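Understanding the architecture of this molecule
Here is how the chains run, residue by residue.
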2 protein chains.
Amino acid sequence: MIQPNIPDTGQARIVIVGGGFGGISLAKQLKNSPFQVVLLDRNNYHLFQPLLYQVATAGLEPESIAFPLRGIFNKQKNLHFRMAEVKLVRPEDNVLETSIGEVRYDYLVLATGSNTNFFGNKNIEAHAVGMKSLIEAVQIRNYVVKQFEEALLMPTEEAIKPKLNFVMVGGGPTGVELAGAFAELKQHILPKDYPELPLHLMNIYLIEAGPRLLPAMSEASSRKTEEGLGKIGVHVRCNVAVKEYDGEVLQLSDGNTIHSQSLLWSAGVKGVPIAGLPADALIPNGRIVVDEYNLVKGSKNIYTIGDAAQMTNDPAFSKGYPMVAQVAIQQGKNLAINLEAASKHPGHAWKPFKYKDLGSMATIGRNRAVAEVGGMKLSGFFAWMTWMVVHLMTLMGFRNKLVVFTNWFYRYFTFDRGTRIIIKRGAANITKLRQIVQDTRLDD
Amino acid sequence: MIQPNIPDTGQARIVIVGGGFGGISLAKQLKNSPFQVVLLDRNNYHLFQPLLYQVATAGLEPESIAFPLRGIFNKQKNLHFRMAEVKLVRPEDNVLETSIGEVRYDYLVLATGSNTNFFGNKNIEAHAVGMKSLIEAVQIRNYVVKQFEEALLMPTEEAIKPKLNFVMVGGGPTGVELAGAFAELKQHILPKDYPELPLHLMNIYLIEAGPRLLPAMSEASSRKTEEGLGKIGVHVRCNVAVKEYDGEVLQLSDGNTIHSQSLLWSAGVKGVPIAGLPADALIPNGRIVVDEYNLVKGSKNIYTIGDAAQMTNDPAFSKGYPMVAQVAIQQGKNLAINLEAASKHPGHAWKPFKYKDLGSMATIGRNRAVAEVGGMKLSGFFAWMTWMVVHLMTLMGFRNKLVVFTNWFYRYFTFDRGTRIIIKRGAANITKLRQIVQDTRLDD
């Protein structure tokens, strides 16, 4: 009965799957193009993933980092948004099968992003929780606050420990920033909110399989990050991998164990391909092989951009570009320019993608960050201010900027985290938390 | 295994069930009392119910009207908060049975508030949704946005209609304010976000069984409210009751029917008593009979305040006081003063409760409200400003005030509603919506 109801305007139609950084960038760039643009997303909002960790640690409300996709595009007349789940592509028919029916395309762009990668360990996947979606972040917040509440009810210190041990796996920006935020919870929230809890029983671990944190940055920044986290009480363990986890006890490759009911996994991501693509375009980590124009291998009119795209045209990134927002944004823009030029001047030579690395940064709790921008290495308070300004500026929407700024301003002076509420009751344990997150995703 | 772990300090212990307006007022007033105060609530936050309707209509984020109970009391040393569900009271033992174990009390105060009253109609209860909790408001928002998204996919106007017809039942402040906010959605959000939808198919109905809206206010205010709602396109139907509803078609007492998949019910509330109370203290609408000191009939040390209390000491309120925040706040304060005075001066005469009516008010969409304060009747823009100031001032927490103010400020100048996102996928129909809300409540 339901149907996409996308008007047939006679224009060539570009269908974009995914309203993340890449999809948005592409769609915006096509504003004055001769194409009809159809944007599909399972959610009706664009998510600013870099601040997810603050939602998970009660520092921001989820609505402040999500922006309605219709709000972004309601002045772009050539764009039609539909909330839909894509099931299958049929390249031979130029048709997508989706939860709202079949959608025809002339050009298809997959900007489906990435998902948490547990590297095949089913036990860890069953008991750990990732942090890629808004619902995961909200559920983590609910869960963490519930762990504090329940710790109060335990009869012995032995029973309290696993509730107050929080383990982050993965030493990239997400793991680092999350660990820093948990350290802030321990320093500033726990003593005030839970004076009855023995504070020393709360421990925050950051586990990284490689030799150093933030491997994409310089060794100096890695060292400063490890020092900074150590100062605020985070136990950093590099060169250590997680071997097993059953929801209660974590087994590490160095033989140690940690009793924890909270394993937050940001140790890897993988591409999210769509069924029906040419088999030889897929590589094991889920990315889709594209050429330097983002054209999918073995295809004529299907493109992939961002995290989902495996492009190896630059020897400096022989394993593919990093899965970061900047790559997605730049590929989206480049593809839009190429598509528009080709439609206006059919013989026009396509411009290959060239990545311009704008740098990277990460906060380390309060007042401290590391940043590497344009060849400069910053750290400490100034890097932290830079981090805040860059994130505020790139966050979409004036209202969201205001609300985030209000929260940061308030938090800076009060040390308080206002959103530490449990809206949906938290899950009883991390395995159930994971189920809730999954159910929620699939819930129609 | 879990236990409440409330320290035994030797002080007499007052256990308060419920962190709403009444419970908070009582607990705060007991700050410097000789009592140990134990506050129990199923949630870990105080909810500012008067603004729930704005969460439901994407005007505010849920976190902006919820305030962590631990944040309110973290400087009150004699208070212990526990998140718990109360199951049963055993008056003969002075013990509460709860989800976290048995809690002993010397004095028990029930401030359990009220819940949606469907007056025994099981079909309506199964298919309509109330608006008393934060999760209900969030789910209504998700559901409403999903109705808009789905309306786009319908093959015919006949199929669109029930998705865009929204029916509010109950002409009290909640119904009036909700209807006004829906009218704003229609005027300012729908044309921009959904230019493809036929706007005239969205209809907002406000159904009231009695002869006029806002029966607690003057007839002049009722008339102004009805006129104001009419001007912004709300169909007001007074003297009409809802007879039946199956989730799709609403049957009214005047013989008319409305095709709607969205029935929002604020036509009545009922008390939420706890099992184990003296049977003759309960009246049919769930309220608990108390004397003029809020002492429960047939009990020596159990009190009830606020919506849950049925007190008839004032001939002007022979059916009991209205179920509004002011009564709860004033009863909480009066009871605290009496309990403290009695403990310090055992022979002290208790002060009977005397209600001071501070007035009432309701917004009618944008720029318009009615207010009756201290004998004055206000309406229009000035009443609307008054309404905003009063709500901002009484909202708890500086951060929440800032975030709400930010939202209002932004919305006033942009006509935008920033939180129109679906975090958890919306329910497919209103019956499922109701199930989600119920499951969420019961979810442990």
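Rules behind the numbers
- Residues numbered from 1 in each chain as written.
- Chains lettered and ligands numbered in written order.
- Predicted model: local features only at pLDDT ≥ 70, side-chain atom pairs only at ≥ 80, totals over all residues.
- Heavy atoms only, no water.
- UniProt positions renumbered as here; feature names shortened; annotations may be inferred.
- Helix = DSSP H or I, 4+ residues; strand = E, 2+ residues; numbered from the N terminus.
- Pairing = 2+ DSSP bridges.
- Axes fitted to C-alpha atoms, helices over the stretch in contact; angles between N-to-C directions.
- Polar contact = N/O pair within 3.5 Å; in protein donor to acceptor, adjacent residues only side chain to side chain.
- Contact = heavy atoms within 4.5 Å.
- Least-squares fit on C-alpha atoms with pLDDT ≥ 70 in both.
- Domains from an automatic or database assignment.
- Buried area = accessible area lost by both parts, 1.4 Å probe.
- Salt bridge = Lys/Arg side-chain N within 4 Å of Asp/Glu carboxyl O.
- Nonpolar A, V, L, I, M, F, W, Y, C, P; charged D, E, K, R; others polar.

An unreviewed UniProt entry annotates chain A as NADH:ubiquinone reductase (non-electrogenic) originating from Chitinophaga parva. According to its UniProt record, chain A has this under Catalytic activity (unreviewed entry): "a quinone + NADH + H(+) = a quinol + NAD(+)". Taken verbatim from the UniProt record of chain A, the Sequence similarities (unreviewed entry) comment is "Belongs to the NADH dehydrogenase family."

UniProt's feature table lists "domain: FAD/NAD(P)-binding" (unreviewed entry) at residues 13–332 of chain A, given in the numbering used throughout. A distance of 16 Å separates the end C-alpha atoms of residues 13–332 of chain A, which is 29% helix and 26% strand.

A word on the sheet that holds strand 8 (residues 101–104) of chain B. Residue and element names in this part refer to chain B. With antiparallel pairing, the three strands of this open sheet are ordered in space as 6-7-8. If you trace the sheet from one side to the other, it starts and ends with strand 6 (86–90) and strand 8, each paired once. On average, each strand axis in the sheet is inclined to that of its neighbour by 25 degrees, with strand direction left out of account. Relative to strand 8, strand 7 (residues 95–98) runs antiparallel, the two sharing four bridges. Within strand 8, the position partnered with Val95 by the bridge is Arg104.

Let us look at the side chain of Asn334 of chain B. Residue and element names in this part refer to chain B. Relative to the elements of secondary structure, Asn334 occurs in helix 9 (residues 325–344). At a separation of 3.2 Å, a polar atom in the side chain of Asn334 contacts the main-chain carbonyl oxygen of Lys351. If we ignore the near neighbours within four places in the chain, the residues touching Asn334 are Lys351, Pro352 and Phe353.

Here we come to the relation of the copies chain B and chain A. The relation between the two chain copies is a rotation about an axis coupled with a shift along that axis. Once chain B has been moved 0.0 Å along the axis and rotated by 180 degrees, it coincides with chain A to within an RMSD of 0.0 Å. Such a combination of turn and shift is consistent with a two-fold rotation axis. Of the C-alpha atoms belonging to chain B, the one lying closest to the rotation axis is found on Val403 of chain B, 3.0 Å away. Here 100% of the contact residues of chain B are again contact residues in chain A; the copies associate through an equivalent surface.

Let us now look at the UniProt feature "transmembrane region" (unreviewed entry) in chain A. Residues annotated by UniProt as "transmembrane region" (unreviewed entry) correspond here to residues 381–398 of chain A. The annotated region residues 381–398 of chain A carries 83% helix and 0% strand content, and the separation between its end C-alpha atoms amounts to 26 Å.

This next bit is on the domain arrangement of chain A. The figure often quoted for interface size is the accessible area lost as the parts come together. Residues and elements named next belong to chain A. Assigned domains within chain A: domain 1 (13–42 + 84–116 + 270–344) and domain 2 (122–266 + 366–442). Between domain 1 and domain 2, the contact holds seven residues from the first and six residues from the second. Summing both sides of the interface, domain 1 and domain 2 together bury roughly 500 Å²; the carbon and sulfur share of this comes to 49%. On the surface where domain 1 and domain 2 come into contact, there are zero salt bridges. Our enumeration of links across domain 1 and domain 2 arrives at one residue pair in polar contact (both at pLDDT 80 or more). Elements represented by at least two residues in the side of domain 1 that touches domain 2 include exactly helix 1 (21–29) and strand 10 (114–116).

On to the interface of chain B and chain A. Listed per partner, the contact involves 62 residues of chain B and 63 residues of chain A. Across the interface of chain B and chain A, roughly 6,000 Å² is buried in total on both sides, 55% from carbon and sulfur atoms. Along the contact surface separating chain B from chain A lie eight salt bridges. Salt-bridge contacts for Arg399 of chain B lead to Glu61 of chain A; the nearest nitrogen and oxygen are separated by 3.0 Å. Run the count over chain B and chain A and you get 24 residue pairs in polar contact (both at pLDDT 80 or more). Counting residues per element, the ones that place at least two in the side of chain B that touches chain A are strand 4 (66–68), helix 3 (69–73), strand 5 (79–83), helix 5 (134–151), helix 7 (173–193), helix 11 (398–414) and helix 12 (430–442) of chain B. If one sorts the elements of the side of chain B that touches chain A by residue count, helix 11 of chain B sits on top with seven residues. Here the side of chain B that touches chain A is built from residues that sort into 29 nonpolar, 13 polar and 20 charged.

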